[in-house]
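Spelled out from the first residue to the last, the chains are:
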Amino acid sequence: MPGVRDISAEAFIAAYSSHLKRSGKLEVPTWVDLVKTGSFKELAPYDPDWYYVRAAAIARHIYLRKDVGIGALTKLHGGRNRRGNRPSHHKDCSASVQRKICQSLEKIGVLEQTDNGGRRISQDGQRDLDRIATAVVEAAREEEEEEEEEEEEDEE
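Residues numbered from 1 in each chain as written. Predicted model: local features only at pLDDT ≥ 70, side-chain atom pairs only at ≥ 80, totals over all residues. Heavy atoms only, no water.

Which entries qualify depends on this criterion: UniProt positions are given in the numbering used here, feature names are shortened, and annotations may be inferred rather than shown by experiment.
Under an unreviewed UniProt entry, the name given to the protein chain is 40S ribosomal protein S19, and the source organism is Somion occarium. According to UniProt, the comment filed for the protein chain under the heading Sequence similarities (unreviewed entry) is "Belongs to the eukaryotic ribosomal protein eS19 family."

Structural data, given as structure tokens:
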């Protein structure tokens, strides 16, 4: 049975974020259309569904590791801080955004807190993510089969 590790990050995150949006369980704060995701950014994200995409990316990241804290997530989603004519440096993203996303995922039962204050994937969350990964693999297989059938029809 294929898992989250077996498929590309891009395909999984797109599928899981659409699942989160469709289910409607993930509580989205009112400030998502106003906030920047980091102090090094100039503008807020253009994608109106960026909160779901970031939640899916965080869930995948925590799934692949045992125990992850907010600081590690801020480093992961950080980026280049352009400092004018001085050299650019890495800057961490907003810890508040990462924390709120983790809290939202905890409310729906995907994540749980560990003893040392980090987050880990819950059993229900792991089952959910594996189910989405399997669905993505099956959809990719179906597309490949359809393409092969079309190629055979074109050859005839």
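There's plenty left to go through after this.
Points about the packing of aromatic side chains
Filter applied, for reference: Stacked, tilted and edge-to-face are the three classes assigned to paired rings of Phe, Tyr and Trp, where Trp is represented by its six-membered ring and a pair needs centres within 6.5 Å; plane angles under 30 degrees give stacked, over 60 edge-to-face, the rest tilted. Strands here are runs of E lasting at least two residues and helices are runs of H or I lasting at least four, both read from the DSSP assignment and numbered beginning at the N terminus. Each residue is placed in one exposure class: buried if its accessible area under a 1.4 Å probe, protein chains only, is under 20% of its type's maximum, exposed if it is over 50%, and partly exposed if it falls in between.
If you walk through the whole model with that rule in mind, you get three aromatic pairs. Taking the centre distance of 5.7 Å and the plane angle of 10° together, the rings of Phe 12 and Tyr 16 count as stacked. Placement of both Phe 12 and Tyr 16 in helix H1 (residues 9-23) is noted, with a separation of four residues, approximately one turn of the helix. Tyr 16 carries the same exposure label as Phe 12, and that label is buried. Aromatic side chains Trp 31 and Tyr 51 sit 6.4 Å apart centroid to centroid with 80° between the ring planes, which places their arrangement in the edge-to-face category. Of this pair, Trp 31 sits in the loop between H1 and helix H2 (50-64) while Tyr 51 is found in helix H2, placing the two residues 20 residues apart along the sequence. A relative accessible area of 27% means that Trp 31 is categorised as partly exposed. What makes Tyr 51 buried here is its relative accessible area of 2%. Connected via pairs of aromatic rings, a cluster forms that spans Trp 31, Trp 50 and Tyr 51.

Observations concerning the environment of Thr 74
Quick reminder of the rule: In this analysis, two residues are considered to be in contact whenever any of their non-hydrogen atoms come within 4.5 Å of each other.
Within the secondary structure, Thr 74 sits in helix H3 (residues 70-76). Using a relative accessible area of 6% as the deciding quantity, one classes Thr 74 as buried. Distance from Thr 74 to Gln 98, taken between C-alpha atoms, is 6.9 Å for residues 24 residues apart in sequence. If near-sequence neighbours (up to four positions away) are discounted, Thr 74 is found in contact with Asp 92, Cys 93, Ser 94, Ala 95 and Gln 98.

Here we look at H1
Under the convention used in this document: Expected span of a helix: the number of residues minus one, times 1.5 Å.
Over its 15 residues, H1 extends 21 Å from the first C-alpha to the last, a length consistent with the 21 Å expected when each residue adds 1.5 Å. Within H1, burial applies to Phe 12, Ile 13, Ala 15, Tyr 16, Ser 17, His 19 and Leu 20. A positive phi of about 75° marks Gly 24, the residue just after H1.

Quick word on the nonpolar core
For clarity, the cut-off: Here, nonpolar core means buried Ala, Val, Leu, Ile, Met, Phe, Trp, Tyr and Cys residues that are tied together by side-chain atoms lying within 4.5 Å of each other.
Core analysis: the largest hydrophobic core is formed by 34 residues, its most contacted members being Phe 12, Tyr 16, Leu 105, Val 110 and Leu 129. If you list the elements that add at least two residues to this core, you get H1, H2, H3, helix H4 (95-107) and helix H5 (123-155). Discounting residues that sit within four places of it in the chain, Phe 12 has contacts with Val 4, Ile 7, Arg 60, Leu 129, Ile 132 and Ala 133.

Quick word on the pattern of salt bridges
Quick reminder of the rule: When a carboxyl oxygen of Asp or Glu lies within 4 Å of a side-chain nitrogen of Lys or Arg, that pair is called a salt bridge.
One pass over the structure, following the stated rule, counts six salt bridges. Between Lys 107 and Glu 27 there is a salt bridge whose closest N-O contact spans 3.5 Å. With Lys 107 in helix H4 and Glu 27 in the loop between H1 and H2, this residue pair connects regions lying 80 residues apart in the sequence.

Details of the pairing of strand S1 (residues 79-83)
Condition: Paired strands are those between which DSSP finds at least two bridges.
Bridge count between S1 and strand S2 (residues 86-91): four bridges; the pairing is antiparallel. Bridge pairing links Arg 80 to His 90 in S2. Remark: two residues form the turn of the hairpin made by S1 and S2, two consecutive strands paired antiparallel; Gly 84 in that turn has positive phi of roughly 75°.

Details of the side chain of Ser 104
If you trace the backbone, Ser 104 turns up in helix H4. Apart from the residues lying within four places of it in its own chain, the contact partners of Ser 104 are Leu 26, Glu 27 and Tyr 51.

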